[in-house]
Amino acid sequence: MIAKHRKVHLFDIDIPGKFQFKESDTLSPGNFITTFQVNEFNIGLGICYDIRFPEQAFLMREEGAHIMIYPGAFNMTTGPVYFELLNRSRAVDNQVFCASIAPATDHTATYTSWGHSLVCSPTGTVIDSALHEEQIIYCDMRLNEIQETRDGIPTSKQKRSDIYKVVHVRKNDSD
């Protein structure tokens, strides 16, 4: 096993007339930020709805993440509006690669996923993406691209910690 992660933010939403879902009826949230090492890359892991929370992504970056991975299944209501936007935002916010992996769209399933797995560069450019169908996407991720982005726009050095802070309240010391 490379890492163990439990989804931190549960998907409890109600969009009147369109979509309602309440994960908290059956799941309980995880309590830790997860990062792990694969070769030269440090990877931050979130699950689906976690991508909506920039503070979690920021803490993964603070723990050294070069890539953020979010397996998930956005639905047919939220997917078209938010899926690419959130991936590009987390990539740009943290100057990392961001990859979201989703099941292909299956209109016969009880839950229909938007699909569209994708990978974004540290500048927020979509490097590659799938459509609704089952598809494997490949891309090159180079550490020097992350460093070039961070050197060009050094946001981590320009943060005003004298005015605001994002703090890591709980760290997972048991794994």
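First, a word on scope: everything that follows refers to the structure included in this document. Within each chain, residue numbers correspond to sequence positions counted from 1 in written order. Per-residue local features of the predicted model are confined to residues with pLDDT of at least 70, and side-chain atom pairs are confined, for both listing and counting, to 80 or more; whole-chain, interface and lining totals are unaffected and use all residues. As a rule here, side-chain values cover all heavy atoms of the structure and leave hydrogens and water aside.

Moving on, we get to the overall build of the protein. Secondary structure follows DSSP: runs of H or I at least 4 residues long count as helices, runs of E at least 2 residues long count as strands, and numbering of each begins at the N terminus. Counting secondary structure elements, the protein contains four helices and eight strands. In sequence order, the secondary structure elements of the protein are arranged as β-β-β-β-α-β-α-β-β-β-α-α. Note on method: radius of gyration uses C-alpha positions; expected globular size equals 2.2 Å times residues raised to 0.38. Relative to the 2.2 N^0.38 estimate, which gives 16 Å for 175 residues, the radius of gyration of the protein is 17 Å and therefore close to what a compact globule would have. Viewed in the frame of its principal axes, the protein has a C-alpha envelope of about 45 × 35 × 35 Å. When the accessible surface of the protein is totalled, it reaches about 10400 Å², and 52% of it is carbon and sulfur. By the counting rule applied here, Lys and Arg register as positive and Asp and Glu as negative, while His and the ends of each chain are not counted. Taken as the charge centre is NZ of Lys, CZ of Arg, CG of Asp or CD of Glu, depending on the residue. Across the protein, the centroid of the 17 positively charged side chains sits 8 Å from that of the 22 negatively charged ones. Exposure was quantified through the Shrake-Rupley algorithm and a 1.4 Å probe, taking into account, for residues, occlusion by the shown protein chains and nothing else.

Before going further, it helps to spend a moment on the packing of aromatic side chains. Only Phe, Tyr and Trp rings are paired, with Trp represented by its six-membered ring, and only when their centres lie within 6.5 Å; those with planes under 30 degrees apart are stacked, over 60 edge-to-face, the remainder tilted. Following the criterion strictly, the structure yields eight aromatic pairs and no others. Centroid distance Phe 11 to Phe 19: 6.3 Å. Interplanar angle 40 degrees. Geometry classified as tilted. Like Phe 11, the residue Phe 19 is buried in the burial classification. With 5.6 Å between their ring centres and 65 degrees between their planes, Phe 21 and Tyr 111 make a pair best called edge-to-face. Relative accessibility decides the category of a residue: with a 1.4 Å probe and only protein chains considered, values under 20% of the type maximum give buried, values over 50% give exposed, and everything between is partly exposed.

Attention shifts here to the sheet that holds strand β7 (residues 118–120). Here, a strand pair is defined by DSSP locating no fewer than two bridges between the strands. Strand order across the open sheet formed by six strands is β3-β4-β5-β6-β7-β8, with mixed pairing between neighbours. Looking at strand neighbours, the two that pair on one side only are β3 (34–38) and β8 (126–129), the edges of this open sheet. If you compare each strand with its neighbour and ignore which way they point, the axes differ by 20 degrees on average. As judged from the three bridges shared by strand β4 (residues 41–45) and strand β5 (residues 67–71), these two strands associate in the parallel manner. What sits directly across from Gly 44, in β5, is Met 68. Helix-sheet contacts for helix α1 (residues 54–62) involve β3, β4 and β5, and the interaxial angle to β5 is about 140 degrees. Note on definitions: angles span 0 to 180 degrees between N-to-C directions of axes, and those axes are lines fitted to C-alpha atoms, for helices only across the stretch in contact. Any two residues whose heavy atoms approach within 4.5 Å are treated as being in contact.

As a further point, take the nonpolar core. Among the buried residues, those of types Ala, Val, Leu, Ile, Met, Phe, Trp, Tyr and Cys that are joined through side-chain atoms within 4.5 Å form a nonpolar core. Counting residues in hydrophobic clusters, the biggest one holds 19 residues, and the most contacted among them are Ile 51, Met 60, Met 68, Tyr 70, Phe 74 and Cys 98. Mapped onto this core, the elements with two or more residues apiece are α1, β5, α2 (79–94) and β7. The contact partners of Ile 51, leaving out residues within four places of it in the chain, are Tyr 70, Phe 74, Leu 86, Asn 87, Arg 90, Cys 98 and Ser 100. Counting seven residues, the second largest nonpolar core, distinct from the first, contains Phe 36, Phe 41, Leu 45 and Ile 67.

With respect to the helices, strands and loops of the structure, Ile 51 is situated in the loop between β4 and α1. As a C-alpha pair, Ile 51 and Pro 71 span 20 residues in sequence and 9.7 Å in three-dimensional space.

Moving on, we get to the pairing of strand β2 (residues 19–22). Alignment of strand β1 (residues 12–15) against β2, held across four bridges, turns out to be antiparallel. Following the sheet pairing, Asp 14 is matched in β2 by Gln 20. Connecting β1 to the antiparallel partner β2 that follows it, the hairpin turn spans three residues, and Gly 17 within it adopts a positive phi of roughly 75 degrees.

The disulfide definition used here is simple: a pair of cysteine sulfur atoms within 2.5 Å. As enumerated under the stated definition, the model contains zero disulfides in all. We note that Cys 139 lacks a disulfide partner, and the nearest cysteine sulfur, in Cys 120, lies 9.6 Å from it.

The next point concerns a nonpolar patch on the surface. Judged by side-chain polarity, Val 81, Tyr 82 and Leu 85 come together as a nonpolar surface patch covering roughly 270 Å² of accessible area. Take Tyr 82: it is sitting in helix α2. What makes Tyr 82 partly exposed here is its relative accessible area of 31%. Excluding any residue in a salt bridge, patches collect residues exceeding 30% relative accessible area, merging like charges within 9 Å and nonpolar Val, Leu, Ile, Met, Phe, Trp and Tyr side chains within 5 Å. Think of a salt bridge as a Lys or Arg side-chain nitrogen and an Asp or Glu carboxyl oxygen that are within 4 Å of each other.

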